[in-house]
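# Analysis of the macromolecular model
Given next are the chains, with one letter for each unit.
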Amino acid sequence: MTNSSPWRATVLTLFPEMFPGPLGVSLAGRALATGLWELEARDIRASATDRHRSVDDTPAGGGPGMVLRADVLAAAIDAAAIGEGRPKLLMSPRGRPLTQARVMELAQGPGPLIVCGRFEGIDQRVIDARGLEEVSIGDYVLSGGEIAALALIDACVRLLPGVMGKEASGTEESFSDGLLEYPQYTRPQLFEGVPIPQILTSGDHAKVAAWRRAESEALTAARRPDLWEKAANRAIGQKTPKNTTDG
Ligand code: ADE
């Protein structure tokens, strides 16, 4: 990765002024300014062809709202000329839920093209014809894909080499081992009569590690039974003797 170009996000949106937005400050912003990653926000409307620069039309079959036209969006995607090898994503509440595993894959690649949906939807034919991968950031509906795109890019950028300094260890964070993060404490030693758990100030590193692991497990079991079940299955898998067929 020495002489290759930096990780790049190419965003297609009707609101390019929403970028870099919050990604222009703090860690991501500093890394953007120093060229550790690149952001290109392209206006979908620039690919409109008619007199009124229209990008949407009423849904075939009737119903409320407007649908983003296939011809306009396809032209915008093609004009971005991203070439082969970069994932083409469409932010959408009906997409596959974004996971830390997918974020890590995206961060390790050259960086995605991201289409931000608006209106009631996007003509299905352009999703199919350009092979867009629909990605959701959660089971709730935003007014457009822009904020979802910002969230996805932020999650990727913080994993890029050199962006996060030594906090980037990442290994103990929520989700990287499939568990939620344990509780953290710092001074003052006594806050509104509540002390820091004694074990954390004991200096016994093994006990601290065991306490944190137990807290992580308890939190995960209570709040995220879905993650807890997966973690439990992985633990069982690890105890199964290695066979010779699965490498
Ligand atoms: N656009 C609107 N809602 C969304 C969501 N939950 N995830 C991704 N994109 C969206």
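Use the structure listed above.
Note that this is a predicted model, so its numbers are computed, not measured. Each chain carries its own residue numbering, running from 1 in the written order of its sequence. In view of the model being predicted, local features appear only for residues whose pLDDT reaches at least 70, and side-chain atom pairs are presented and counted only at 80 or more, with totals across whole chains, interfaces and linings using the full set of residues. Remark: hydrogens and water are excluded; side-chain values derive from all non-hydrogen atoms of the structure.

## Observations concerning the site of the ligand
Formally: Think of it this way: one heavy atom of a residue within 4 Å of a molecule or strand is enough to make that residue near it. Under the rule applied, a polar contact is a pair of N or O atoms within 3.5 Å (in protein, one hydrogen donor and one hydrogen acceptor; residues adjacent in sequence only if both atoms are side-chain atoms). Accessible surface area values rest on a Shrake-Rupley calculation with a 1.4 Å probe, where residue burial reflects the displayed protein chains alone. Comment: elements are numbered from the N terminus, with helices defined as DSSP H or I runs of at least four residues and strands as E runs of at least two. Three classes are used: nonpolar for Ala, Val, Leu, Ile, Met, Phe, Trp, Tyr, Cys and Pro, charged for Asp, Glu, Lys and Arg, and polar for all others, with Gly counted as polar.
The full set close to the ligand counts 13 residues, and Ser92, Ile137, Gly138, Tyr140 and Leu142 are the nearest of them. Taking Ile137, its main chain carries an N or O atom lying 3.0 Å from a nitrogen atom of the ligand. Here a nitrogen atom of the ligand sits 2.8 Å away from a polar atom, N or O, in the main chain of Tyr140. Isolated, the ligand exposes 260 Å² of accessible area, and the fraction of that covered by the protein chains is 97%. Those elements that provide at least two residues to the shell around the ligand are β5 (88-97) and β8 (133-136). Counting residues per element, the shell around the ligand draws most heavily on β5, at three residues. Residues that form the shell around the ligand fall into these classes: eight nonpolar, five polar and no charged.

## As for the environment of Arg51
Selection criterion: For each residue, the accessible area found with a 1.4 Å probe, counting protein chains only, is set against the maximum for its type, and the residue is called buried under 20%, exposed over 50%, and partly exposed in between.
By secondary structure assignment, the location of Arg51 is in the loop between β2 (37-43) and β3 (56-57). By relative accessible area, Arg51 is classed as exposed at 77%. Arg51 sits 159 residues away from Ala210 along the chain, and the two C-alpha atoms are 67 Å apart.

## Description of helix α1 (residues 26-33)
Put simply, the test is: As used here, the arc belongs to the directions running from the helix axis to the C-beta atoms. Any two residues whose heavy atoms approach within 4.5 Å are treated as being in contact.
Buried within α1 are the following residues: Ala28, Gly29 and Ala31. Projected down its long axis, α1 carries its buried residues within an arc of 165°, all on one side. Turned more than 90 degrees off the buried face of α1, the exposed positions are Ser26, Arg30 and Ala33. In this structure, the buried side of α1 is in contact with β2 and α5 (146-157).

This is a description of form; function is not addressed.
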